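# Structure assessment
What follows is the residue order along each chain.
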2 protein chains.
Amino acid sequence: MEGKMMDFIKELQNLLPSDRISTNETILEQHSKDESHHEPATPQVVVFPLHTEEISRIMQVASKYRIPVFPFGVGSSLEGHVIPYGGGITIDLSLMDQIVEIRDKDFLVKVQPGVTRSKLNKELKKHGLFFPVDPGADATIGGMAATNASGTTSVRYGIMRDQVRNLEVVLADGTVTHTGNLASKSSSGYHLNSMFVGSEGTLGVFSEITLKVYGIPEAIMAARAIFSEIEDAVNAVASILQAGIPIARCELVDARSVKQVNIYSKTSYQEKPTLFLEFHGNKAGLAQDVEFTKELLVDQGCSDFVFETDSKAVQQLWEARHHLAYAFLHGFPSLDMMITDVCVPISELAGAIIDARQAMDQTGLDGAILGHVGDGNFHTLLMIDKSKKEDIEKADRYNEHLVTYALARGGTCTGEHGVGIGKKKYQKLEHGDALNIMSGIKKMLDPQCILNPDKIIDKY
Amino acid sequence: MEGKMMDFIKELQNLLPSDRISTNETILEQHSKDESHHEPATPQVVVFPLHTEEISRIMQVASKYRIPVFPFGVGSSLEGHVIPYGGGITIDLSLMDQIVEIRDKDFLVKVQPGVTRSKLNKELKKHGLFFPVDPGADATIGGMAATNASGTTSVRYGIMRDQVRNLEVVLADGTVTHTGNLASKSSSGYHLNSMFVGSEGTLGVFSEITLKVYGIPEAIMAARAIFSEIEDAVNAVASILQAGIPIARCELVDARSVKQVNIYSKTSYQEKPTLFLEFHGNKAGLAQDVEFTKELLVDQGCSDFVFETDSKAVQQLWEARHHLAYAFLHGFPSLDMMITDVCVPISELAGAIIDARQAMDQTGLDGAILGHVGDGNFHTLLMIDKSKKEDIEKADRYNEHLVTYALARGGTCTGEHGVGIGKKKYQKLEHGDALNIMSGIKKMLDPQCILNPDKIIDKY
């Protein structure tokens, strides 16, 4: 193994200049973890390709020596996706951060995988465009495509899978292929785009991504709606959807979450279950939507409906929401966080959230519940001490309880974070025999099991 | 072969009552063709299952004797999808026409594959819901999922692939599996839903389909916009999209089309390039959208912008559009029709349509151009005499010209009709090496090549 290891590193060193390949301990350590509670592990080497051809050559070396590869963006994954268990080559794509082409008339943009969503939006803004998908972290587009990320705007604009029009993918043997085209729809061949989106680096390495983007709406309005009971807040969201109001964002935070936001962001929001809402559209339509929404929410027990008219207040509202996980991590510097991520049909959401709160209280651990409730997707943030075996066990049992509850009601074990290493054990329960088809696809595309092995599908 | 054939038919006769299996010449003949210009071919037997378990048993027999199966809905496909070339078992799913469950709070409906879109919409209307995808024909939901159909509303609501939340699929060996769940999003496992949608019966037989449905909008407005030049009409549509107006339907018909509509539907529309438009939303928002649209269109050279306020006039407008193909078929009873179906990025659409008209005029054949222009998708209807070899050759060359033009500009050979037998020859040109991945998927799921063989992927 040692000799083989040295040989593949030597070949990679021949491919890349010395400042773009590293076996430095600090660099290896930086690539050993993500933002999850999963155990770290270091790769043998980290490479920093600049273009597709280099990724292809790296894959040829990996394939020749049968060495696992682990694509890496900024390491913001939440289920251990990028952790190189068993070691191998981490392909850090952060230098591939070029926005290759903006086709504003086609609402399309072509980017390299290392472009972050904030960088993309900064550039798009110059063209009156924006890219809506917003996971909490400032993730890379490659990482977001790999996990099929979504966020607060998915209720209106959809998830990553809905935005990806074409992928350039480097396959296990170094072959470069593409999965789509620039047309807004197609019935030609099997739809490979959607199969590769969410494949978490297990089927190929994305080297270029063509995305759908959107015109910045004419008008944006934001509001907070405060409730005494979390169930009322969830039912209120169901009413908004039922009424056909095209809400752009619809986020629930529980009382515990608001308390932590106030501590961290020095805000003074009422510490009660709260919906953070946003509306996009034309001015006349929005005014009617907002008025109608307010009526529906008050009918469902909303005690306060507060418009945020000032753009600074709107920004503060969403920053508070996006920084919630950090608010907990900073509030409890000695603890770690485990985040759950189930998604259920909207009719099952109120029950699922009430059950999640009861089950959390029973663990005795501190934590919060928040969610993209318009999608039926909610997270719990559970504060644990990873050095305590019982905390880990409690968190695992709690996660399993939530997943089992969701699957029994037609839901999924992960709405947006992906499978990685953490949700692999639930794949059979969720997909049944269909997991055999997934395994078959993996084995066909990666016969040597070198593409992010042991993620989603068991190592073979 | 004769003995084997008799044996498999005998086994099927043991499975099914005599009124649900047929070798009657008339029945075979009815299942020998679709609505395309492709040559018919008869199956050896037609079976009419009532539920999933029967499809599974039929597949077990087919698999045991290695006999091809051809799923069939109402036979409205346009590229020969359902034609049983080489013979075998046609599985007519028209008796599986039950709406199994309507979950109105979740905006979901579960149906058997033989339910037609008009039947579904009739039932959904009672719940204030509708299903938007509307290919010209009153196709079955199973057929629409199999071809990834779309239609006039896709610019707003998306295509079949966007609506399918879960499929129950009977695989080649009779195994019953499912591809999704009831959650509005998921990052769990590889996305099989989208791979099976559009697979045209080549990967499995759909036995149950769970679809997203929509609330009937508060207000609907329709309009016609008349132009002197087709290029101006297309550019006007680009302006509407650029302005972020959430148009619900946006159909172009050329002057030749309007002439035929007037003859067939006894209407008196101006015989010029025309956009048929529809807006969905709340009343205040619509008023602003429509006013803004009118301004944009007039800027782009629209000579008349006619509101259709009366609901009967609106219905007549869309019926005229939907019956356009029939208007030509009825107008030329001795001729056949070949329909093309490319889709290009919207910035390439005006050029593509002008080129298509010039190329059509050069063939000397009569025909019309119409399109779902908001999607960049357009059709040409070409009238041919199938008994004349030169007509067939002209039509084939014309189709190839349009496909080559579209592919060179990032488009696709089929926006919504699917591949079937007609577009198979363009798969390599469109997908390149990715076609190998598609072939691999086909071979994994159908090792004996019995599922609608020779469609999309070459027979093996």
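Residues numbered from 1 in each chain as written. Chains lettered and ligands numbered in written order. Predicted model: local features only at pLDDT ≥ 70, side-chain atom pairs only at ≥ 80, totals over all residues. Heavy atoms only, no water.

## Remarks on the domain arrangement of chain A
We note that the domain assignment places domain 1 (2–92), domain 2 (99–215), domain 3 (219–325) and domain 4 (333–424) within chain A. Taken over C-alpha atoms, the centre of domain 1 of chain A sits 43 Å from the centre of domain 3 of chain A. (Domains from an automatic or database assignment.)

## Description of the relation of the copies chain B and chain A
Here chain B sits on chain A after a turn of 180° about the axis and a move of 0.0 Å along it, with an RMSD of 0.0 Å. Taken together, the rotation and translation describe the operation of a two-fold axis. Minimal C-alpha distance to the rotation axis in chain B is attained by Gly285 of chain B, lying at 1.7 Å. Looking at the interface residues of chain B, 100% of them are also at the interface in chain A, so both copies use one shared face. (Least-squares fit on C-alpha atoms with pLDDT ≥ 70 in both. Contact = heavy atoms within 4.5 Å.)

## Details of the side chain of Ser154 of chain B
All names here are of chain B. Along the chain, Ser154 turns up in helix α6 (residues 154–157). Only 3.2 Å separates the side chain of Ser154 from the backbone nitrogen of Gly151, close enough to count as a polar contact. Other than its neighbours up to four places away in sequence, Ser154 contacts Ile159 and Asp375. (Helix = DSSP H or I, 4+ residues; strand = E, 2+ residues; numbered from the N terminus. Polar contact = N/O pair within 3.5 Å; in protein donor to acceptor, adjacent residues only side chain to side chain.)

## With respect to the packing of helix α14 (residues 349–363) of chain B against helix α15 (residues 389–408) of chain B
Residues and elements named next belong to chain B. Packing of α14 against α15 leaves a shortest axis separation of 10 Å and a crossing angle of 160°. Accordingly, the angle class assigned to the pair α14 and α15 is roughly antiparallel. Pair α14 / α15 crosses with right-handed handedness. Judged by residue contacts, Gly351, Ala352, Asp355, Ala356, Ala359, Met360 and Thr363 of α14 engage Lys394, Tyr398, His401, Leu402 and Tyr405 from α15. Of the residues in the contact of α14 with α15, the class split is 7 nonpolar, 3 polar and 2 charged. (Axes fitted to C-alpha atoms, helices over the stretch in contact; angles between N-to-C directions. Parallel < 35°, antiparallel > 145°, perpendicular 65-115°, else oblique. Left-handed = near helix turned anticlockwise from the far one by under 90°. Nonpolar A, V, L, I, M, F, W, Y, C, P; charged D, E, K, R; others polar.)

## Overview of the packing of aromatic side chains
One pass over the structure, following the stated rule, counts 14 aromatic pairs over all chains. Judged by centre distance (5.3 Å) and plane angle (90°), the rings of Phe305 of chain B and Phe307 of chain B are edge-to-face. Judged by relative accessible area, Phe305 of chain B falls into the buried class, the value being 14%. For Phe307 of chain B, a relative accessible area of 31% translates into the label partly exposed. Clustering of aromatic rings is evident, with ring pairs tying together Phe130, Tyr157 and Tyr214 of chain A. One Lys or Arg, Arg409 of chain A, reaches over the ring of Tyr405 of chain A and ends 3.6 Å from the middle of that ring. (Phe/Tyr/Trp six-rings, centres within 6.5 Å; stacked < 30°, edge-to-face > 60°. Buried < 20%, exposed > 50% of the residue type's maximum accessible area, 1.4 Å probe, protein only. Lys NZ or Arg CZ within 6 Å of the ring centre and 35° of its normal.)

## Thoughts on the UniProt feature "domain: FAD-binding PCMH-type" (unreviewed entry) in chain A
Per the UniProt annotation, the sites labelled "domain: FAD-binding PCMH-type" (unreviewed entry) are residues 38–216 of chain A. With 24% helix and 23% strand, residues 38–216 of chain A has its two end C-alpha atoms placed 38 Å apart. (UniProt positions renumbered as here; feature names shortened; annotations may be inferred.)

## Considering the pattern of salt bridges
Summed over all chains, the structure comprises 50 salt bridges over all chains. For the salt bridge of Lys110 of chain A with Glu208 of chain A, the shortest nitrogen-to-oxygen distance reads 3.9 Å. Taken together, the residues Lys110 of chain A in strand β6 (residues 108–111) and Glu208 of chain A in strand β10 (residues 205–212) connect sequence positions 98 residues apart. For Glu278 of chain B, the salt bridge goes to Arg249 of chain B, with nearest N and O atoms at 3.3 Å. Placement of the pair is Glu278 of chain B in strand β14 (residues 274–281) and Arg249 of chain B in strand β13 (residues 247–253), with a sequence separation of 29 residues. Arg249 of chain B carries the same exposure label as Glu278 of chain B, and that label is buried. Residues joined by salt bridges that share partners form a network here, namely Asp134, Arg249 and Glu278 of chain A. (Salt bridge = Lys/Arg side-chain N within 4 Å of Asp/Glu carboxyl O.)

## Considerations on unusual backbone geometry
Residue and element names in this part refer to chain B. Unlike most non-glycine residues, Lys266 shows phi in positive territory, near 55°. Mapped onto the elements of the fold, Lys266 is located in the loop between α10 (255–265) and β14. Taking relative accessible area as the criterion, Lys266 reaches 72% and is therefore assigned exposed. Phi is positive for Ile456, close to 65°, though the residue is something other than glycine. As for its placement among the helices and strands, Ile456 is situated in the segment after α17 (434–445).

## Points about the nonpolar core
Within the largest apolar cluster, 178 residues are counted, with the highest numbers of intra-cluster contacts made by Met160 and Phe196 of chain A together with Met160 and Phe196 of chain B. Each residue touching Met160 of chain A, except ones within four places of it in the same chain, is listed here: Phe131, Val133, Ile141, Met144, Ala145, Asn148, Ala149, Val197 and Leu211 of chain A. (Core = buried A, V, L, I, M, F, W, Y, C linked by side-chain atoms within 4.5 Å.)

## A few points about the pairing of strand β14 (residues 274–281) of chain A
Taken residue by residue, a regular strand's side chains alternate between the two faces of the sheet. All names here are of chain A. For β14, the buried fraction is high: 7 of the 8 residues fall into the buried class. Pairing geometry for strand β12 (residues 219–227) and β14, over 8 bridges, is antiparallel. If you follow Ile226 over to β14, its bridge partner there is Thr274. Relative to β14, strand β13 (residues 247–253) runs antiparallel, the two being bridged by 6 bridges. Of the residues in β14, the one forming a bridge with Leu252 is Leu275. (Pairing = 2+ DSSP bridges.)

## Quick look at the interface of chain B and chain A
Opposite the 79 residues of chain B that make contact, chain A presents 79 residues. Between chain B and chain A the total buried area reaches about 5900 Å² when both faces are included, carbon and sulfur atoms providing 55% of it. Its largest share of buried area at the contact with chain A, chain B owes to Lys185, Ser187 and Tyr190 of chain B, together 17% of the area lost on that side. Along the contact surface separating chain B from chain A lie 4 salt bridges. Notably, a salt bridge pairs Glu416 of chain B with Lys185 of chain A, separated by 3.0 Å at the nearest N-O pair. Between chain B and chain A we count 55 residue pairs in polar contact (both at pLDDT 80 or more) in total. Of all elements in the fold, only α7 (160–163), β9 (176–178), α8 (192–196), α9 (230–242), α11 (283–299), α16 (427–431) and α17 of chain B reach the threshold of two or more residues within the side of chain B that touches chain A. Here the side of chain B that touches chain A gets 8 residues from one element, more than from any other, and that element is α17 of chain B. (Buried area = accessible area lost by both parts, 1.4 Å probe.)

## What to know about the environment of Leu296 of chain A
Residue and element names in this part refer to chain A. Turning to its location among the elements, Leu296 is positioned in helix α11 (residues 283–299). On a C-alpha basis, the gap between Leu296 and Ala236 in space is 6.9 Å, while along the polypeptide they are 60 residues apart. If we ignore the near neighbours within four places in the chain, the residues touching Leu296 are Ser239, Ile240, Ala243 and Ile245.

## Brief notes about the environment of Arg249 of chain A
All names here are of chain A. Relative accessible area serves as the criterion here: at 13%, Arg249 is assigned to the buried category. In this structure, the C-alpha to C-alpha distance between Arg249 and Met96, residues 153 residues apart in sequence, is 31 Å. Excluding residues within four positions of it along the chain, Arg249 makes contact with Asp134, Thr152, Thr153, Val155, Phe276, Leu277, Glu278, Trp318 and His322. Side-chain polar atoms of Arg249 contact the side chain of Asp134, separated by 3.1 Å.

## Focus on the pairing of β12 of chain A
Residues and elements named next belong to chain A. With 7 of its 9 residues buried, β12 lies for the most part within the structure. For β12 and strand β15 (residues 302–308), the ladder comprises 6 bridges, and the chain directions are antiparallel. Within β15, the residue paired with Ala225 across the bridge is Phe305.

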